[in-house]
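Analysis of the macromolecular model
Read off the chains here:
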Amino acid sequence: MLELVDIHKTYNNQPLLKGVSFAVNPGETVCLLGASGSGKSTLLRIIAGLEEPARGRVCWQGQDLASIPTHQRNFGLVFQDYALFPHLDVAANVAFGLRMQETAPAEIKKRVAELLETVGLSGYATRRVTDLSGGEQQRVALARALAPRPRLLMFDEPLGALDRVLKDELLNELRRLLHASGIPSIYVTHDQAEAFAIADRILLLHEGLIVQGGKADEVCAQPGSAWVAHFLELGNLLEGVIRGREGDGWVVGTQAGEFRLTCGHAHQDGENVHILLRREPVKLSANGQLHGRVVDVIFQQDGYKVTLENGLVFHLEESPRVGEWIDLALPPSGIQCLL
């Protein structure tokens, strides 16, 4: 098991990582999800031994890896830019780590053929990597990472250079390969759809800290902060003020009107909070608690994306007219109070 304990790192004399701790369990794929520049790639480099933390420990099965050089950690790393050797053919690229381990030539040949079949590149052994498409090159990079049978795999935005169709195809294959191999993995991305598709568990990195972690559906159902809700695009965020209690809940005033809701937080009158209005499920209703004038309607496969004059965006099953005043009914589960 991999464990990071209180990792700190500075960059240009500014704190980049401020005490990051997490573990990766056997066979688990953990996704580090965060905006560009949040320190995700730096964490991978620290785990790989390519950089040293300012403070903290990287441990494997309880052993501190500080004194273990990169090539002895037996961790595989796959990059966005593939990092293949252009002067070597496909087979030689895949075999590189095995040759570094001084594996017997017959075993190398067998392992390379096995992996090329696994990643769908049988018959490509003698091809030049520079003649391959982006998706094919990434498959070669994956086979090369798998070849030495690493005890941990790390992916640094591996599909960032690919189009959406090819990305979805490779994500499905990668998920299958990781589950079949049982190798624990860390997957770094800023793309939430990628994270949801590949990860067993998601860790959200913001301002140098893990601000929330859990399964994708758990995090989306209960975002721990306004930043998490905004980053995951869970709906409309409104600044609000606690106006007082009403029964078992609270009255919150916003620029879009007052909302009555229950939540698990302890509040005081006048306290500033954020209200998350989830975009679905929302329906047109003459008695809806939210109203506004429609300024834009865009058809999507699952309905209509409707933008109101106050900037709020919702998804509806039926299309209102631009310029029309509408009332929307939000179910209690579609309104959440965030700090």
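Note: the structure precedes this text.
These remarks concern the structure in this document. What you are looking at is a predicted structure, and each value in this text was computed from that prediction instead of being measured.

Basis of the calculations
- Residues numbered from 1 in each chain as written.
- Predicted model: local features only at pLDDT ≥ 70, side-chain atom pairs only at ≥ 80, totals over all residues.
- Heavy atoms only, no water.
- Helix = DSSP H or I, 4+ residues; strand = E, 2+ residues; numbered from the N terminus.
- Buried < 20%, exposed > 50% of the residue type's maximum accessible area, 1.4 Å probe, protein only.
- Contact = heavy atoms within 4.5 Å.
- Areas by Shrake-Rupley, 256 points an atom, 1.4 Å probe, with all protein chains shown as cover.
- Lys, Arg positive; Asp, Glu negative; His and termini not counted.
- Charge placed at Lys NZ, Arg CZ, Asp CG, Glu CD.
- Salt bridge = Lys/Arg side-chain N within 4 Å of Asp/Glu carboxyl O.
- Pairing = 2+ DSSP bridges.
- Axes fitted to C-alpha atoms, helices over the stretch in contact; angles between N-to-C directions.
- Core = buried A, V, L, I, M, F, W, Y, C linked by side-chain atoms within 4.5 Å.
- Phe/Tyr/Trp six-rings, centres within 6.5 Å; stacked < 30°, edge-to-face > 60°.
- Lys NZ or Arg CZ within 6 Å of the ring centre and 35° of its normal.
- Expected span 1.5 Å × (residues − 1).
- Arc of directions from axis to C-beta.
- Polar contact = N/O pair within 3.5 Å; in protein donor to acceptor, adjacent residues only side chain to side chain.
- Parallel < 35°, antiparallel > 145°, perpendicular 65-115°, else oblique.
- Left-handed = near helix turned anticlockwise from the far one by under 90°.
- Nonpolar A, V, L, I, M, F, W, Y, C, P; charged D, E, K, R; others polar.

**Observations concerning the overall build of the protein**
When its secondary structure is counted, the protein shows 8 helices and 20 strands. A principal-axis box enclosing the C-alpha atoms of the protein has dimensions of 75 × 45 × 35 Å. Out of the 339 residues in the protein, the part that is buried amounts to 47%. Restricting the contact set of the protein to residue pairs at least 6 apart, pairs at least 24 apart contribute 65%. Total accessible area computed for the protein in this model is approximately 17000 Å², and 49% of it derives from carbon and sulfur atoms. Computing the positive centroid from 32 side-chain charges and the negative centroid from 41, the protein places the two 6 Å apart.

**Quick notes on the pattern of salt bridges**
If you walk through the whole model with that rule in mind, you get 15 salt bridges. With its nearest N and O atoms 2.4 Å apart, the salt bridge here joins Glu114 to Arg111. Residue Glu114 and its partner Arg111 are both found in helix α3 (residues 105-118); the two are separated by 3 residues, about one turn of the helix. By relative accessible area, Arg111 is classed as buried at 9%. Of the charged contacts in the structure, one is a salt bridge between Asp191 and Arg164, with a shortest N-O distance of 3.0 Å. Here the residue Asp191 occupies a position in the loop between β8 (185-189) and α6 (192-198), and Arg164 occupies one in helix α5 (residues 164-181), the gap between them amounting to 27 residues. Members of the salt-bridge network, linked through shared partners, are Arg164, Lys167, Asp168, Asp191 and Glu194.

**Here's the deal with the sheet that holds strand β5 (residues 63-64)**
Across the sheet, 4 strands lie side by side as β2-β1-β4-β5; this open sheet has antiparallel pairing. What marks the edges here is a single partner per strand, and that holds for β2 (14-24) and β5. Lying over the sheet, helix α1 (residues 40-48) contacts β1 (2-11), β2 and β4 (55-60), oriented at roughly 120° with respect to β1.

**Points about the nonpolar core**
In this structure, Leu33, Val94, Phe155, Tyr187, Leu204 and Leu232 are the most contacted members of the largest nonpolar core, which totals 50 residues. At 6 residues, the largest contribution of residues to this core is made by helix α4 (residues 134-146). Excluding its chain neighbours within four sequence positions, the residues that come into contact with Leu232 are Leu33, Gln192, Phe196, Leu204, Val219 and Cys220. Grouped together as the second largest cluster of nonpolar side chains are 26 residues, Leu16, Ile46, Val58 and Phe75 included.

**Re the packing of aromatic side chains**
By the definition in use, this model includes 5 aromatic pairs. Ring centres of Phe299 and Tyr304 lie 5.5 Å apart, and the angle between their planes is 65°; this geometry places the pair in the edge-to-face category. Between the NZ or CZ atom of Arg245 and the centre of the ring of Trp250, over which it lies, the distance is 4.3 Å.

**Considerations on α3**
Helix length check: α3 (14 residues) gives 20 Å between terminal C-alpha atoms against 20 Å at 1.5 Å per residue, within 8%. Every buried residue of α3 is accounted for by Ile108, Arg111, Val112, Leu115 and Leu116. Down the axis of α3, the buried set is contained in an arc of 130°. They therefore lie on one face. Residues of α3 that are exposed and point over 90 degrees away from its buried face: Ala106, Lys109, Lys110 and Glu117. Buried-residue contacts for α3 involve α2 (90-100) and α4. Note on α3: the residue one or two positions beyond its end, Gly120, has a positive phi of about 80°.

**Regarding the side chain of Arg278**
When you line up the elements, Arg278 lands in strand β14 (residues 272-278). Owing to a relative accessible area of 15%, Arg278 belongs among the buried residues under this scheme. Within the structure, Arg278 has its side chain in polar contact with the backbone oxygen of Cys220 (distance 2.3 Å). At a separation of 3.3 Å, a polar atom in the side chain of Arg278 contacts the main-chain carbonyl oxygen of Ala221. Residue contacts for Arg278: discarding those within four places in its chain leaves Cys220, Ala221, Gln222, Pro223, Leu234, Gly235, Phe314, Ser333, Gly334 and Gln336.

**Some remarks on the packing of α2 against α4**
Packing of α2 against α4 brings their axes to within 7 Å, and their N-to-C directions diverge by 30°. Considering their axes alone, α2 and α4 lie roughly parallel with respect to each other. Crossing handedness for the pair α2 and α4: right-handed. Mapping the contact onto sequence places Val90, Asn93, Val94 and Phe96 in α2 and Val140, Ala143 and Arg144 in α4. Its residues assigned to classes, the contact of α2 with α4 shows 5 nonpolar, 1 polar and 1 charged.

**Regarding the sheet that holds strand β9 (residues 201-206)**
Within a beta sheet, neighbouring strands are joined by backbone hydrogen bonds and run either parallel or antiparallel to one another. Pairing within the open sheet is mixed, and its 6 strands lie in the order β6-β7-β8-β3-β9-β10. With one partner strand each, in any of the chains shown, β6 (75-79) and β10 (209-214) form the two edges of the open sheet. Each strand of the sheet is rotated relative to its neighbour by a mean of 20°, with strand direction disregarded. Of the strand pairs in this sheet, strand β3 (residues 29-33) and β9 are connected by 4 bridges, and their pairing is parallel. Counted as the bridge partner of Val30 is Arg201 from β9. Packed onto the sheet, α4 meets β6 and β7 (152-156) and runs at close to 170° relative to β6.

The values are spatial; any link to function lies outside them.
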